Each structure stands twice: as C-alpha cells, then as structure tokens.
Amino acid sequence: MRHFISVNQLTVEEIYSILETAEAYRNQKVTLNNQLFAANIFFEPSTRTKMSFIVAQKKLGMEVLDFHSESSSVRKGESLYDTAKTFESIGSNLLIIRHQSDSWFEELDSRISIPVINAGAGKEEHPTQCMLDLMTIHQEYGSINGLKVVIVGDIKHSRVARSNALALHRLGAEVYLSAAPGFEDEELDFPYISIDQAVEICDVVMLLRIQHERHLHKAESTDYLELYGLTKERERKMKNHAIILHPAPINRGVEIDTDLVECCRSRIFKQMENGVYVRMAIMMNVLNEWGIIDENNFKEYKALAVNR
Ligand code: CP
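Residues numbered from 1 in each chain as written. Predicted model: local features only at pLDDT ≥ 70, side-chain atom pairs only at ≥ 80, totals over all residues. Heavy atoms only, no water.

Colleague: It is not clear to me how the sheet that holds strand 1 (residues 37-42) should be interpreted in this structure. Could you clarify?
Modeller: Here 4 strands make up an open sheet; going across it, the order is 2-1-3-4 and the pairing parallel. Of all the strands in the sheet, the pair left with one neighbour each is strand 2 (63-68) and strand 4 (116-121). Neighbouring strand axes in the sheet, compared pairwise and without regard to direction, differ in orientation by 15° on average. Two elements, strand 3 (residues 94-99) and strand 4, share 4 bridges in a ladder whose sense is parallel. Bridge pairing in strand 4 links Ile96 to Ile117. Contacts from helix 10 (residues 268-289) reach strand 3 and strand 4, with the element oriented near 125° to strand 3. (Pairing = 2+ DSSP bridges. Helix = DSSP H or I, 4+ residues; strand = E, 2+ residues; numbered from the N terminus. Axes fitted to C-alpha atoms, helices over the stretch in contact; angles between N-to-C directions. Contact = heavy atoms within 4.5 Å.)

This is the structure in structure tokens:
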C-alpha cells in the first residue's frame, strides 16, 4: 500500500486521472458514507496547504483532527514517529504531515499502518502543491506536453521547484530554471536562463519565494526584483497567452511587483482554489488504495470524472 510522498511515484496516467477527478469535484458534492478521521500534523507554518486540506476534508465529510506542534507533546520531546503512532492509535484513518526534515518520511515508512500524505518535506518535495500547479497549467492550456515552463527564484531551497521540475519534465514540458547567483541547485539537471530570456520564450512563469527560513545567511539583495524578479516591464514582454504562477506566500515587491500579483495573467489565487479539489482527489485515491473507503462509494465518485 502506498503513502503519497512524491509525484514521482505516480504514472503519467495516474497524474492525469487525479487532475480529471479534481476537476469533477469542483462542481459535484462528494461525501464519504463512512466516518473517517483525518489528522493534519504540521511542524512548519502553513496557511494554504493546511487550510485547503481542512476544507477538502470537510467537503468529503471527514472529521478533522487539528494539531499544533507548539502546544503538543512535541514540546516534551515526543518524536515525529511517536506523534504519528499516537494518531494511528486513537483512530485516525489518514495523516497529513509537513515537517522541516527533507526525509522525515523515512522515520515512518513501513512502521505506520494508515496512509500518510506529504504536505511538505524540508526543501525536498511538496507533491500536493505540484499537483495543484499541474492542474492550473492543464486548465489553461489543455495539455502540458510541449509547453515551455520556467521556475524562477530560490531553486536551491525550494521543495516546490524540485517537485515541479521533475513532474513537468515527465509530462513533456520544456523546463527551464532561473536563479540569482547562489540560488541555483546543481542536483536539478535543467538549463538555466535569465529572467529576461524567460519572459520572452515561456508559456508559464512560475515564481518562487525566497526561503529565508532555510538559509544559513541572509542572502537577499535590495535590488532583487530589478535584477531577478518579475517587474512590470518584464511582464509586458511575456507572450500574449503566458501565465504567472506562484505557490505563495508571496514576498510582494521582492520576487514579483505587487501590482502583478492580481493582474490578468496571474493564476496565483486560482492555484489556491485548485488546491482544495486536487487534495480531495488525492485523499480519495489514497483512501481507496488502502481499502479504507467503501469501494462503491469510490466508484460512484470516480464516475463523475469519466462522465464530466
Ligand atoms: N504554498 C504553500 O505551501 O503555502 P503554505 O506554506 O501557506 O501552506
């Protein structure tokens, strides 16, 4: 049985199936017919991921167990494994985990007997963010194959960059990276281009926040926006149909001019909206694989995507 830790574990067909299911859930009421508990265990701050998981869980009719590490027994030294095992013991059917470690999942892996969904692992992976980004791009263009996509910003410290670059490449996109000196990541084998080149050739400009919390030294120049970010002048050079993505939270005036955050090319708030539906689809898939939800219940909702 599989936990959902990386988009890499999905086949291309499975990725598209989740995107289609998520689209179907936008307009359909989908409620599970058995009582299920989902625990949201976040060791790092989150607004979008945590809240959209909660909305997704409530839309599916699940009971939501909230967890605040600062007021939990983690403060007494309890480990991630013991925290997860506790939720399993008290009847949680699903764990959603975000943790600052790149490899927190290794501590749980085969020792946990309920499904786990990765809501962010250090600077390594953010697979549900990646899936909502893919959904937003797919909505725009109807296909991902052949698109030119540039990921711009603090590549070195970004789990969003890593998840997206690999998944977009597998889906046939031409992936480029653009970063200020020191923000490049040698482990990602994609061509680097300047932001000025990027805006002229790319269909999707995916901006990233500078991940100050993962830096050993403060590394932001006061003219970052002018040198490496999306200014209004650069936006005017983008292709007519090109769109702007950003996982948020946004450093307004740093990686993007504040006036562009809600401009007509921006899909930033659409990404957040899509996050609810893609997380519903991912949770349903995982619960179905584990045999936790009623098979007929799952098939009924799967049919929504097919008959859309
Ligand atoms: N995009 C994203 O992961 O946002 P949060 O940190 O607010 O969850």
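Past the structure itself, the notes keep going.
Colleague: How do you make sense of unusual backbone geometry when you look at a structure like this?
Modeller: Excluding glycine, a negative phi dihedral is what most residues carry, and trans is how most peptide bonds are arranged. The step from Ala248 to Pro249 runs through a cis peptide bond, and the omega angle for that step is 5°. You can see Pro249 is positioned in the loop between strand 8 (243-245) and helix 10. The phi dihedral of Asp109 falls on the positive side, at around 25°, and the residue is not glycine. Among the secondary structure elements, Asp109 is positioned in the loop between helix 4 (105-108) and strand 4. With phi around 65°, Ala248 is a residue other than glycine that occupies positive phi space. Mapped onto the secondary structure, Ala248 falls in the loop between strand 8 and helix 10.

Colleague: What is the right way to read the layout of surface pockets from this model?
Modeller: It is a probe the size of a water molecule, rolled over the atoms, that shows where empty space is left. The calculated volume of the largest pocket comes to roughly 390 Å³. If you trace the largest pocket, you find 21 residues lining it, with Arg98, Arg159, Arg209, Ala248 and Pro249 closest to the centre. Mapped by element, the contributors of at least two residues to the lining of the largest pocket are helix 2 (48-59) and helix 6 (159-170). (1 Å grid on protein atoms, 1.4 Å probe; cavity = no way out; pocket = protein on both sides within 12 Å on 5 of 7 lines; lining within 4 Å. Points joined across faces, edges and corners; volume = space filled by probe spheres on them.)

Colleague: I'm lost on the pattern of salt bridges in this one. Help?
Modeller: Pairing between side chains of opposite charge can happen when the charged atoms of each approach one another. Throughout the structure, instances matching the rule amount to 19 salt bridges. For Asp66, the salt bridge is made with Lys50, and the minimal N-O distance between the two is 3.0 Å. A residue pair is termed long-range when its members are at least 10 positions apart, and Asp66 in strand 2 and Lys50 in helix 2 qualify at 16 residues. The class of Asp66 is partly exposed, set by a relative accessible area of 40%. (Salt bridge = Lys/Arg side-chain N within 4 Å of Asp/Glu carboxyl O. Buried < 20%, exposed > 50% of the residue type's maximum accessible area, 1.4 Å probe, protein only.)

Colleague: Is there a simple way to explain helix 3 (residues 80-89) in this structure?
Modeller: The α-helix advances 3.6 residues per turn, and as a result positions three or four apart in sequence lie on the same side. When we look at burial in helix 3, the residues that qualify are Leu80, Tyr81, Thr83, Ala84, Phe87 and Glu88. Mapping the buried residues of helix 3 onto a view down its axis gives an arc of 165°, with all of them on the same face. Residues of helix 3 that are buried in the fold lie against strand 1, strand 2, strand 3 and helix 4. Of the residues one or two after helix 3, Gly91 is the one with positive phi, at around 110°. (Arc of directions from axis to C-beta.)

Colleague: Where do I start with the packing of helix 5 (residues 127-141) against helix 6 in this structure?
Modeller: Helix-helix packing: each pair is described by the crossing angle between the helix axes and the interaxial distance. Taken N-terminus to C-terminus, the directions of helix 5 and helix 6 make an angle of 50°; their axes are 9 Å apart at the nearest point. Taken together, the axis directions place helix 5 and helix 6 in an arrangement best described as oblique. Seen along the crossing, helix 5 lies across helix 6 with a hand that is right-handed. Facing Pro127, Gln129, Cys130, Asp133, Leu134 and Ile137 of helix 5, the residues of helix 6 in contact are Val160, Ser163, Asn164, Ala167 and Leu168. Among the residues forming the contact of helix 5 with helix 6, the class breakdown is 7 nonpolar, 3 polar and 1 charged. (Parallel < 35°, antiparallel > 145°, perpendicular 65-115°, else oblique. Left-handed = near helix turned anticlockwise from the far one by under 90°. Nonpolar A, V, L, I, M, F, W, Y, C, P; charged D, E, K, R; others polar.)

Colleague: What should I look at first to understand the site of the ligand in this one?
Modeller: The environment of the ligand is formed by Ser46, Thr47, Arg48, Thr49, Arg98, His126, Gln129, Pro247 and Ala248. A distance of 2.9 Å separates an oxygen atom of the ligand from a polar side-chain atom of His126. For the ligand, the protein covers 91% of the area, taking 260 Å² as the surface of the free molecule. Residue composition of the shell around the ligand, by class: 2 nonpolar, 5 polar and 2 charged. (Near = heavy atom within 4 Å. Polar contact = N/O pair within 3.5 Å; in protein donor to acceptor, adjacent residues only side chain to side chain. Areas by Shrake-Rupley, 256 points an atom, 1.4 Å probe, with all protein chains shown as cover.)

Colleague: What should I look at first to understand the packing of helix 5 against helix 10 in this one?
Modeller: Orientation of helix 5 relative to helix 10, taken along the N-to-C sense of each, is 115°, at an axis distance of 8 Å. Relative to helix 10, the crossing made by helix 5 is right-handed. Contacts from Thr128, Gln129, Met131, Leu132, Asp133, Met135, Thr136 and Gln139 of helix 5 reach helix 10 at Lys270, Gln271, Asn274, Gly275, Tyr277, Val278, Arg279 and Ile282. Its residues assigned to classes, the contact of helix 5 with helix 10 shows 6 nonpolar, 7 polar and 3 charged.

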